[in-house]
Amino acid sequence: MKKGIFISVEGPEGAGKTTVLSLLAKELETEGHKVMMTREPGGIDIAEQIRKVILNTHNTAMDPRTEALLYAAARRQHLVEKVKPALEDGAVVLCDRFIDSSLAYQGYARGLGIDEVLSINQFAIEQMMPSVTLYFDIDPEEGLGRISKNAGREVNRLDLETIEFHYKVREGYYILMKRFPERIHRIDASQPIQNVYEQSAEKIKKTIDKPV
């Protein structure tokens, strides 16, 4: 059986990741691929419980290291319980956020250090990294503006951070793009959603079709 392909999509709040991932999943399925769409933190029961703790708007006293460790714990459980089995079953795994979120948010924006947070997560993931990561880039003010117009979207603790924090997150992603240029590819998420979708699909199909 052909081994599956692990693809993550990253980006700031309001970048449109979930919408585009849903479109990508449908297209890949119509082309005959086995697809599993999931998210972090969450995706399975234990990780969803941890998600509620991390993103609860009442948990403003949470220490940055606690936050980083909770994300890593949720990631580990999600990986072993859902992602690995899907990959072993030959699926294309489309994951809304993975390790780069921790590196950008906690490592850089929270000031814990990218390498320090990477070390925590290497223990959690045992070197299992996505084959390709799409970074949906958008100005934080525009992204947060989209969120405020979306009445159905959950408002989480990270949405309540200062605009300066969200710009730091963006800076963190830019550092990661330079550090991992072969894996992370920038997509301009300020474009119409159809353009974002088409460019994302092109990148993903190249990864799927790439000889092993």
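As the structure is a computational prediction, the values presented were derived from the model and not from experiment.

Caption draft 1: Up close: the pairing of strand S3 (residues 92-96). Most of S3 sits out of view: five of its five residues are buried. Alternating residues of S3 divide into Val92, Leu94 and Asp96 and Val93 and Cys95, and every residue in both groups is buried. Judged from the five bridges that link them, strand S1 (residues 5-10) and S3 form a sheet pairing that is parallel. Directly across from Ile5, in S3, lies its bridge partner Val92. Of the pairings in the sheet, the one linking strand S2 (residues 35-39) to S3 comprises five bridges and is parallel in character. Counted as the bridge partner of Met36 is Val93 from S3.

Caption draft 2: Spotlight on the nonpolar core. Among the nonpolar cores identified, the biggest contains 38 residues, and Phe6, Val93, Leu103, Tyr105, Val169, Tyr173 and Leu176 are the most heavily contacted of them. When residues of this core are traced back to their parent elements, those giving at least two are helix H2 (45-55), helix H3 (64-88), S3, helix H4 (99-109), helix H5 (114-125) and helix H7 (163-179). In terms of residue count, H3 provides more of this core than any other element does, eight residues in total. Setting aside residues no more than four positions away along its own chain, Tyr173 makes contact with Glu10, Gly11, Pro12, Arg97, Asp100, Ser101, Ala104, Tyr105 and Tyr135.

Caption draft 3: Seen up close, the UniProt feature "binding site: ATP" (unreviewed entry) in the protein chain. The UniProt entry lists Gly11, Pro12, Glu13, Gly14, Ala15, Gly16, Lys17 and Thr18 under the feature "binding site: ATP" (unreviewed entry), expressed in the numbering used here. According to the relative accessible area criterion, Gly16 is buried, its value standing at 18%. Each residue touching Gly16, except ones within four places of it in the same chain, is listed here: Phe136, Arg146 and Ile193. Residue position: Thr18 is located in helix H1 (residues 17-30). In contact with Thr18, not counting residues within four places along its chain, are Met37 and Asp96.

Caption draft 4: Fine view of the sheet that holds S3. Strand order in the open sheet formed by five strands is S2-S3-S1-S4-S5, with parallel pairing between adjacent strands. Every interior strand has two partners, whereas the edge strands, S2 and strand S5 (184-188), have only one. The sheet shows a mean angle of 20° between the axes of neighbouring strands, direction not considered. One ladder, built from four bridges, connects S1 with strand S4 (residues 132-137); its direction is parallel. Note that in S4 the partner of Ser8 across the bridge is Thr133.

Caption draft 5: Local environment of the pattern of salt bridges. Counted according to the given criterion, the structure contains 20 salt bridges. Of the charged contacts, one joins Arg179 and Asp115 as a salt bridge, the two residues approaching to 2.6 Å between their closest N and O atoms. With Arg179 in helix H7 and Asp115 in helix H5, this residue pair connects regions lying 64 residues apart in the sequence. A relative accessible area of 39% means that Arg179 is categorised as partly exposed. Across the pair Arg170 and Asp137 runs a salt bridge, and its minimum N-O distance is 2.9 Å.

What counts, and at which threshold
- Residues numbered from 1 in each chain as written.
- Predicted model: local features only at pLDDT ≥ 70, side-chain atom pairs only at ≥ 80, totals over all residues.
- Heavy atoms only, no water.
- Buried < 20%, exposed > 50% of the residue type's maximum accessible area, 1.4 Å probe, protein only.
- Helix = DSSP H or I, 4+ residues; strand = E, 2+ residues; numbered from the N terminus.
- Pairing = 2+ DSSP bridges.
- Core = buried A, V, L, I, M, F, W, Y, C linked by side-chain atoms within 4.5 Å.
- Contact = heavy atoms within 4.5 Å.
- UniProt positions renumbered as here; feature names shortened; annotations may be inferred.
- Axes fitted to C-alpha atoms, helices over the stretch in contact; angles between N-to-C directions.
- Salt bridge = Lys/Arg side-chain N within 4 Å of Asp/Glu carboxyl O.

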